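Residue-level structural notes
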Amino acid sequence: MGSQRLPTAYLVVVGVLAGLGALLNCVASFLLIFATDDCSKDNPAFRCTGAGMLTMWGAPWVGLVAAAGVSVALGMWWRGGWMWCGLPAGVAVYAGGLLVTWRVMTS
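Okay, so let's go over this structure. Per chain, residue numbering runs from 1 following the sequence as it is written. The predicted origin of the model limits local features to residues at a pLDDT of at least 70 and limits the giving and counting of side-chain atom pairs to 80 or more, whereas totals for whole chains, interfaces and linings rest on all residues. Note that water and hydrogens are dropped before the side-chain values are worked out from all heavy atoms of the structure.

This part covers the side chain of N25. A helix here means a DSSP run of H or I that spans at least four residues, while a strand means a run of E at least two residues long, and both kinds are numbered starting from the N terminus. Structurally, the position occupied by N25 is in helix α1 (residues 2-32). The classification of residues rests on relative accessible area computed with a 1.4 Å probe and restricted to protein chains. Under 20% of the type maximum is buried, over 50% is exposed, and intermediate values are partly exposed. For N25, a relative accessible area of 0% gives the class buried. Here a polar contact means two N or O atoms within 3.5 Å. Within protein one must be a hydrogen donor candidate and the other an acceptor candidate, and residues neighboring in sequence count only if both atoms are side-chain atoms. Separated by 2.8 Å, the side chains of N25 and Y94 make a polar contact. Beyond its immediate stretch of four places on either side in the chain, N25 contacts P60, W61, L64, Y94 and L98. Whether two residues touch is decided by their heavy atoms; if any such pair falls within 4.5 Å, the residues are in contact.

Here is the structure:
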């Protein structure tokens with residue numbers, strides 16, 4: 001009976017973490033609007049280009065979706081107590097998306 005509850009608990013934790021990530025992404029998206037304030041012809045930074053803006057605004061969301069997918073996939077692949085190792089892997093993938101955003105924002 002306890003083994004039936006672990007997958008549910010795992011999915012709830014992944015869902016809560018994904019919800020927190022979505023909240024963080026919403027706040028970051030609002031703040032990222034101001035990252036292009038100093039863009040001009042004299043400042044040809046990557047973040048001022050169309051590709052830079054799409055990368056900067058999209059990377060956190062792509063990272064969040066990929067993180068949830070990695071967490072669920074690893075949870076399904078590893079059974080028992082090992083499935084909880086999928087959470088740190090998902091957090092690392094999400095942090096990678098935030099790192100890409102930070103690198104573009106500070107370019």
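Moving on from the model shown.
Attention shifts here to helix α3 (residues 86-105). Take the number of residues in a helix, subtract one, and multiply by 1.5 Å to get its expected span. A rise of 1.5 Å per residue sets the reference length of α3, with its 20 residues, at 28 Å; its end C-alpha atoms lie 29 Å apart and thus fit the reference within 8%. Buried within α3 we find G86, L87, G90, Y94, G97, T101 and V104. An end-on view of α3 places all buried positions within 120° of arc, on one side of the element. Along α3, exposed side chains directed more than 90 degrees from the buried face belong to P88, L99, W102 and R103. Read the arc as the range of directions from the helix axis to the C-beta atoms.

Here we come to the state of the cysteines. Pairs of cysteine sulfur atoms within 2.5 Å are identified as disulfides in what follows. If you walk through the whole model with that rule in mind, you get one disulfide. Each disulfide pairs two cysteine sulfurs, and for C39 the partner residue is C48, the sulfurs being separated by 1.9 Å. With the S-S dihedral at roughly -80°, the linkage between C39 and C48 falls on the left-handed side. Exposure remark for C39: the relative accessible area of 26% places this residue in the partly exposed category.

Now for the environment of V91. Within the fold, V91 resides in helix α3. Judged by relative accessible area, which is 48%, V91 ranks as partly exposed. When the C-alpha positions of V91 and G81 are compared, they lie 18 Å apart, and in sequence the two are ten residues distant.

Here we come to the packing of aromatic side chains. Pairs of aromatic rings are described using the distance from one ring centre to the other and the angle between the two planes. Here the aromatic set is Phe, Tyr and Trp, taking the six-membered ring for Trp, and pairing holds for ring centres within 6.5 Å; pairs whose planes are under 30 degrees apart are stacked, those over 60 apart are edge-to-face, and all others are tilted. Taken as a whole and assessed by the stated rule, the structure comprises two aromatic pairs. For the pair Y10 and W84, a centre-to-centre distance of 5.2 Å together with 80° between the ring planes defines the contact as edge-to-face. With Y10 in helix α1 and W84 in the loop between α2 (50-77) and α3, this residue pair connects regions lying 74 residues apart in the sequence. In this structure Y10 comes out as buried when scored by relative accessible area, which is 3%. For W84, a relative accessible area of 28% translates into the label partly exposed.

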